Each structure stands twice: as structure tokens, then as C-alpha cells.
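# Structural characterization, general
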Amino acid sequence: MDVIIKNANLILELNPKYKSIEDLIKRLNWLKAMNMEYPAMPLTKNHELVLEAFDEFNKLIGNDFDVYYTGGIMGYLATNQQLERYHGDLDLFINEEQLDILKKIIDESHDFVFVSNMNHKEVNGHEYKIVYKDSPMSIGLFLFERKKDQSITVKEYYFDNKDKNSQLFVDETHFTKTYTDMCFSDEVRYHNGIAYKMMSLESIYNSKKNSRPKDRYDAAKIEKNIDIVKSNKIELEKQNNKTIIKRPLETSIIHSIEKNINIINQASLQTYLNSRVSIYLEMIEKEYGQYMSEEQKILLKSLKLSENVVVETSADKWIENQIQAIKNDSKLSEEQKQKEIEEIKNHKITAHGGNVFKDQKIHFYPFNIRPRENETLESVCEGILVHELFHYFISPKYMNIQGVENSDKLNSYIAEGLVDMCARDLMLNNNVLNTYTSNYTSNVIFMRENLQKLESKTERMNLIFQGDMKQITSKLFYSQEDLVQKYNASKNKKTIFDNMVRQVAFVCGDVRIESAIYNISANSSNKKDAANNIKDIGGKIYQDKKEKIIKIVNNYSENEEQNIYKEKQQSMDEERQNLLQQKRYLERKKQLMEQKNQIESIKNNEVNNTQQNNMDKPMMRKLTPNKPTQNSGYKNGFTNILLLSLITSGFIMLVALLTFLIIK
């Protein structure tokens, strides 16, 4: 609080226009009411841009169109007052019969672009707008029909469910001739010497005096300049106007313009996206080139020199391609094939890479792309373009995974997570497309979490750009069972993080916040940062729910820390088990080696002993042996015994003879 008061006093010293802190608070509240709390540019720059766009557009159309300006800006100009608040656009009523001619003039100009809002048009919004020099300033168009009696019928067109392929409806407000004459003035006015026409000051005053704070402020600024009697007559005559709601249309100027826009947008969007390819490839090379293989670097250079984008006008070719692939898949039963074919027919494809048609081109289907609020078709396509460009360089070879019915889906889940993670980081780091969103938020969160196991960024990036799926999973998961378990939890959104997101969305009472939280989290480097961002942003947007949001996120953080501790313990236990098994293996190997050495030592000793015995025997000349027979061993033994007996007998006889002679 002391810092705030100190800063407030500093502002008071610098700007004597404000006398007290209360004056500053009043000014802040005024800025909020004027929708100027977070302007896209300084107020003076905004005013310069408004008037520049106003003059340049009036030069372009001249006096050849049945048009009338309306809105707060016109009140200031008509009464020669300086603009005071922030302005986002100019409002212009135009005779719808001249819409096609206006579009042709805009398409031929260098400063303006004709843009359709029909695919995301809000109630009371503009069907079309004309953007000035790719700036925040535009001219929003309101359409009307000029009747034979010169009265005007204002028309508001919209597609059912904001889908261009569905039924077109129109709400019509039929103004009486009297009301038309009082509101749509044919008086020609001038700004910087350039002619224009606008609705009467009284009609503008009446439309603003009971509206939003900023509109009431505008009304107050011109109140002293209006004809009160005329203003009251307009209010009374307004009751005689008639309105027809939701009239269906089969043909209209909208159908014609939309068809024409699609044809022109196809060529212009394709040219635009191809021009952006080299820009993003430069960013990719600067950010990730050091982690690429030589083949990838060569591919990157070749992509810079070629046309890589094709914008399609129909998805028929893609549908036919996918159906044929399903029919040729022998792993699927007939029932499964029919189910997948129906899914393909109902799928709104937005883009795909070159592997589908084997042409190495990125194909876009803009008619299936619905920009969110504050987005354009071009900005959405740019985000998709960056994602698809990364697929050229991040395409790990798939592997079969046990325990998964369709392991290709798991492989794809990991690959898409890595691709979208790098695409997000590239755009965030280079301050482009800060509103980037995708359908791969869970994939990214899943991969960011598991990549944290590798402390070295170089190791992570080399693995992403050059590793195959087997290398990636073996580095990031303890086993295939661990991989499958975590994949199923992430894919089905059954982690404690997913539970936290659902709780926050429930507390906020807004289903849209769930996708917003996932997008914020996918942009965060880890779940801890994601949790802090959820508390910070959620608390600002839903201030009355701030304490509950903080409590939910803190409970999650505590549980997450416990899970991380358990996982680390599991990792350590598995590492110990692996080391123990390795130790046992080495000990057993050592024992086997010792046994082998002992056996070889014994064999060597036996060989040596045999050789030594042979060396100890007297050398004898060998005679050529007789051919051995079956009984040769027996005969030789008998002969030896017989000879020994004869010698012994002869010796005994000799001794007996000598003894006899001596005695004799």
C-alpha cells in the first residue's frame, strides 16, 4: 500500500492536472468505462490512425456509394470536437446492392482488405469489415436494402450455429419513410476537404444516450448540439418500425459474396502462407538448427526455396484417401472399418502434412477453420503452419508397444506433443502469435512433464530431433508398462492435474475456462509454473472465486509434490534393483569364468602329464605292426606267459642239475 501511495504522489507531482488521489481514482474509473484500461497503442496514436483511415477510405469510395457513417466518432467530427477516448473501428451503413462493387474496389486497393465475419459473427455484429493497412483500425459494415419509396430496411445476416455450410437467416428492421428521412441525412459533410455522409446527429444521440458508459459519454459530448424536438420525433416514430426475426434465405448477396471470398481467399491465403514459410524456417533454424542432423539441415534449406503450401477448396480428396487407407487396413474388422469411415466423413480437417498425399506439401482447408474472438483466418493458419513445419524435422520412427490396442495412436500422441511443444516455444520466444492455441495441449503437458527427467537441454533437443520412438521412450519412461499407464492417464485426462483443472472450471462456472487453463499450462515449462499461472490469471479474471481457485491449486501442488517424491523413490528403487541385478550378474559371470579357468587348467595339466610320460619312455624303433585282429591282445598275452613259464622251468632244471653234480 505504501508503494502505491508513493507512486500516486509521484504522478500528482508530475501532472498538476490531478489534485488528489481521488482524482486519479476517478480517472482510472473513466478509463475503464471508456474501454481504455489496456489500449493497444497510445491514445494520440489511436486518434491519428482513426482519422487517417477515415480520410483514406473516403478518398477511395468518393460520392459513388449509398452509405452513411454512424457511431461515436461522427459526433465528435460533426461538432468539431477533439476525440477523447479509444476507438476500435468506424461504423458504416451501406446499401447491400453495392456491396459487391465495394469489395472489388477494396480488393484492388493497397491499403485496405475486405474481411468476412460470417463464420464467427456475433449478434448485432458486422457481417463484413474493411481493415486498414493491417492495423487494429477497421470500417465495420451494416447492410441495408433501399425500398422503392426510398425508405430503408436494415438487415442482419447470420448462419445457423455460425457455420457457413448451414442455413442462412436474416433479421429485418423495416424503417418507415418518415423515420428514414429523419435518421439518414443526405447532407454532404467534409473532413480535411474530403466529402462524406453520416446519420443525423439526433439519431446518433438517441442510439447512445441509454447505452454503455462510453456511449453515454459520447452522447453527453454532443447533447448541446442536437435538436431536441427532432430527437423526440425520432423516438416517437421509432415505434412504427417493424421487425421480422430469423427469416430463412436460400439465395442472397451474402451467398454471392461468400462464394467470391472463398475463391479469392484461396489464392491470396496460399500466397500469403507461402511467403511466411521462409520467415518461420529462419526462426526454426536459429532456435533449433544446432540439434538437427545434416540431412535435416539440407531439408530445411531446400524448403526455403520451394512452394510448400496448398490451400484446398474441398476436402473430398482427403476423405477419399482416408477411406481407402481404412479399407486396406487388414488389422481392422469390418465393424471397426465402418466406424472409422463414419468418423472420417464427419471430421472437419483443417490441415495436414505431405505424408497424406506423398507430395511433401502442407495442405490447408480454411473453410473448416473457425477463428476465435480477436483472431483472423490468417493468424490461425499461421499457427497451424508453424506446427506443420516442425513435422518435417520431428518425425521419430514408430515402434510396436505391448499392452496398447493401437500403438500407432500412442506413437502419434508423443510425436504431436513434441511438435506442438516446439511450435509453442518458438512463437512465444519470438513474440509472435501470443494467442496460439491447438488441440494438443494434453500431449504437450504430457511430454513436458516427462522430458524433465533429462536435465540437459542439449540431450532433450537431440533426442527430440534425432531420436526414434524407441530411444525417446526408453529415455523418458522406466518401462513400457510405465509408458502405457501414463499415456492412458494423460489421454483420458485422469491425472491429478486434470482433476484440478476440472475443479477450477467448476468453481468458476465457465466451461470455456477449462480449455484456457490447458492452453496456459501447455505454454508453461513445467506443472509448477502452470499451477502458479492458473492461480494468478484465474484470480484476476474470477476475483470472487480467487480464494477457492488458490485452495484447489495448492491442494494439487501438495499432491503433485508427493507424487514426484514417490516417483523419485520408485526410480531410486528400480535403479537399486537394476544395480543389484547387475552386481549379481557380474558375480555369476566371475564364478563362471573361474570355473572355466579351472577346467582349462585341469585339461592343460592332463595334456602336460601325458606328454611328460611319453618323454620318459626309451625310444624304440618301430616295426611295421601286423594288422590287428579281434583276438590279437589275447594271443599276445598267452604267448608272453608261455615263454615266461618255459624260461622259469629251464632255470629250475639247470639249478637242479648243478646241485646233483655237486652232491655227486
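Residues numbered from 1 in each chain as written. Predicted model: local features only at pLDDT ≥ 70, side-chain atom pairs only at ≥ 80, totals over all residues. Heavy atoms only, no water.

Further remarks concern the nonpolar core. In this structure, F364, F390 and F465 are the most contacted members of the largest nonpolar core, which totals 80 residues. No other element matches helix α15 (residues 407-429), which puts 10 residues into this core. Sequence-distant contacts of F390, that is, excluding residues within four places in its chain, are made with I284, Y288, V419, C422, A423, L426 and F465. Counting 61 residues, the second-largest nonpolar core is a separate cluster that includes I94, I130, F175 and I226. (Core = buried A, V, L, I, M, F, W, Y, C linked by side-chain atoms within 4.5 Å. Buried < 20%, exposed > 50% of the residue type's maximum accessible area, 1.4 Å probe, protein only. Helix = DSSP H or I, 4+ residues; strand = E, 2+ residues; numbered from the N terminus. Contact = heavy atoms within 4.5 Å.)

A rise of 1.5 Å per residue sets the reference length of helix α22 (residues 527-541), with its 15 residues, at 21 Å; its end C-alpha atoms lie 21 Å apart and thus fit the reference within 8%. Every buried residue of α22 is listed here: K527, A530, A531, I534, G538 and G539. For α22, the buried positions fall inside an angular range of 150 degrees around the axis, keeping them on one side. For α22, the exposed residues set more than 90 degrees away from the buried face come down to K528 and K540. (Expected span 1.5 Å × (residues − 1). Arc of directions from axis to C-beta.)

A complete count under the given rule lists 30 salt bridges for this structure. Put simply, R85 and D218 hold a salt bridge, and the shortest N to O gap is 2.7 Å. Here R85 is found in the loop between α4 (72-78) and β2 (89-95), whereas its partner D218 is found in helix α8 (residues 213-222), with 133 residues between them in sequence. The pair formed by R85 and D218 is uniform in burial state, with each residue classed as buried. For E187, the salt bridge identified is with R189, shortest N-O distance 3.5 Å. Its relative accessible area of 44% is what places E187 among the partly exposed residues. By sharing partners, the salt bridges in this structure join R85, K208, K214, D215 and D218 into a single network. (Salt bridge = Lys/Arg side-chain N within 4 Å of Asp/Glu carboxyl O.)

Here we take up the sheet that holds strand β13 (residues 362-364). Read across the sheet, three strands follow the order β11-β13-β12 without closing on themselves; strand pairing throughout is mixed. Two strands bound the open sheet, and with one partner strand each, they are β11 (309-311) and β12 (351-352). Where β11 lies against β13, three bridges are found, and the strand directions are parallel. Note that in β13 the partner of V310 across the bridge is H363. The sheet strands contacting helix α14 (residues 377-391) are β11, β12 and β13, and the helix crosses β13 at an angle near 155 degrees. (Pairing = 2+ DSSP bridges. Axes fitted to C-alpha atoms, helices over the stretch in contact; angles between N-to-C directions.)

This part takes up the packing of aromatic side chains. Scanning all chains against the criterion turns up 22 aromatic pairs. For the pair Y68 and F144, a centre-to-centre distance of 6.4 Å together with 45 degrees between the ring planes defines the contact as tilted. Of this pair, Y68 sits in strand β1 (residues 67-70) while F144 sits in strand β5 (residues 138-146); the two residues are 76 residues apart in sequence, bridging distant segments of the chain. For the pair Y68 and F144, a shared accessibility class is recorded, and that class is buried. Of the aromatic side chains, those joined through ring pairs into one cluster are Y68, F93, F142, F144, F175, Y179 and F184. Positioned above the aromatic ring of Y518, the side-chain terminus of K493 is 4.1 Å from the ring centre. (Phe/Tyr/Trp six-rings, centres within 6.5 Å; stacked < 30°, edge-to-face > 60°. Lys NZ or Arg CZ within 6 Å of the ring centre and 35° of its normal.)

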